[in-house]
Amino acid sequence: MTRTRREPPAPTTAGSRGWLSRNLLVLSGVSFLQDAASELLYPIMPIFLTAVLGAPAAVVGLVEGLAEGAAALTKLAAGGLGDRYRRRPLIAAGYGLAAVGKVLIALAVVWPVVLAGRVVDRLGKGMRGAPRDALLVDGIPPAARGRAFGLHRTADTLGAVVGPLIGLAGYELLHHRIRPLLAIAVVPAVLSVLLVAAVRERTRPPAGAKARPTLRGANRLPARFWRIMAVLAAFALVNFPDALLLLRLRAIGFSVTALILAYVTYNLVYAAASYPAGLLADRWRPPRVFGLGLIFFAVGYVGLGLVHSHPAAWALLAAYGLFTACTDGVGKAWISGLVGADFQARAQGVYQALSGFGVLVAGIWAGLAWRGDGRLPLILSGTAAAILAAVLLAASSRRARDRHAAPHRALDSRA
């Protein structure tokens, strides 16, 4: 890779499309294809592990937790690399590794091979995430980043709608055999890698200074960034992998078909609400929208821990979709507004890495505490999120009041 120096962002004009850039559209298409591949597999993965390969429920949490932990380590390194080198090769390599991981899963006959495939897949996610998000907002005004990330998350999540529907159709056409679906998922994964070639990154002259360690510079991120990261990392400790939520649905009697359709419903809500949530974050500020998302999380988790009614479970999954819409892209927009252009990839890498480490811990403790029906970890996590939401919303409201009062205090002092 060639070490490069950043050029200042290209100016935007009020008469142009401004935030709706070529890279935003291309990367949205890339994410759509990759998520179609990933989410074709995701709702059937717990069933494949437990029913086909004979793994216990704790292994589901372990596989997903370790996969996210591996991604977290890679995100930490990729963030620094994305600020010092060209980003497109990192993005292409990340999507390529994800495709390789899906091939491993398709060939698996024992659960450790699935673990290896998921780890390789998530290593690819970790490698591409921060450089992609930094390149995605290059040249987009900070005031429009909520909607930019919201549009990207909408496209990504539409892939999570299409993928499971393809999986469901294949499941029915292939006489309820799961293994052929694993091979089908490789096709959109490969297409996503090919589409990365359409991404454009401005050529920059190489810098002459000797390359420094990749992670150096994290200590130069502002103190406010680290304070916010402490809050977001604390939440990640109770946000366990969605695969365990799918096991909860199985425990209350969902068939494979109903499970896939319920997951599609969750992703439809997530896709439909992502852009409005991003637009709201541009107007309200991200912390308030993120806090609202945590309320939806609490409702979804506690509710799923308590109910046995299938219609109620569907409604609660819709609430959980609102949580993801209000936190995923909004969280990235929040982080992007805390640092300058030279630290975008590094800040996103730290954020995504710490979130991944939290999911690793959450996946392990929730899997061990699952005990058949998963009620206890769901209720504990939902309660913790409700408390954190109250703290975050109170702090956000207090800062808004202080900002509103400051001009009046200044006028009073001049009077």
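These numbers were taken from a predicted model, which means no experiment stands behind them.

## Quick word on the packing of aromatic side chains
Within the structure shown, the criterion is met by 16 aromatic pairs. Cluster of aromatic residues (ring-pair linked, three or more members): F235, F240, Y263, Y266, Y270, F297, Y301, Y320, F323, W365 and W370. The ring of W284 carries the charged tip of R288 above its face, separated from the ring centre by 6.0 Å.

## Comments concerning the pattern of salt bridges
Under the definition given, this model contains eight salt bridges. In this structure, D133 and K332 form a salt bridge, with 3.4 Å as the shortest nitrogen-oxygen distance. Of this pair, D133 sits in helix α5 (residues 111-136) while K332 sits in helix α13 (residues 310-336), and the two are 199 residues apart along the sequence. Among the ionic pairs, D282 bridges to R147, the shortest N-O distance being 3.0 Å. Separated by 135 residues along the polypeptide, D282 in helix α11 (residues 256-284) and R147 in helix α6 (residues 145-173) bring together distant segments of the chain. By relative accessible area, which is 22% here, R147 ends up partly exposed. Salt bridges linked by common partners bring K102, R118, D121 and R122 together as one network.

## Let's talk about the environment of P89
Mapped onto the elements, P89 comes out in helix α4 (residues 87-107). Here P89 falls in the partly exposed class, since its relative accessible area comes to 33%.

## Some details on the nonpolar core
One recurring pattern in soluble globular proteins: nonpolar side chains tend to sit buried together. Counting 78 residues, the largest nonpolar core has F225, F240 and L249 as the members making the most contacts within it. Per-element tally for this core: the top contributor is α11, with nine residues. Residues contacting F240, with those up to four places away along its chain left out, are L245, Y301, A362, G363, A366, W370, P377, L378 and S381. Counting 17 residues, the second largest nonpolar core, distinct from the first, contains L27, Y95, L135 and V137.

Parameters and conventions
- Residues numbered from 1 in each chain as written.
- Predicted model: local features only at pLDDT ≥ 70, side-chain atom pairs only at ≥ 80, totals over all residues.
- Heavy atoms only, no water.
- Phe/Tyr/Trp six-rings, centres within 6.5 Å; stacked < 30°, edge-to-face > 60°.
- Lys NZ or Arg CZ within 6 Å of the ring centre and 35° of its normal.
- Salt bridge = Lys/Arg side-chain N within 4 Å of Asp/Glu carboxyl O.
- Helix = DSSP H or I, 4+ residues; strand = E, 2+ residues; numbered from the N terminus.
- Buried < 20%, exposed > 50% of the residue type's maximum accessible area, 1.4 Å probe, protein only.
- Core = buried A, V, L, I, M, F, W, Y, C linked by side-chain atoms within 4.5 Å.
- Contact = heavy atoms within 4.5 Å.

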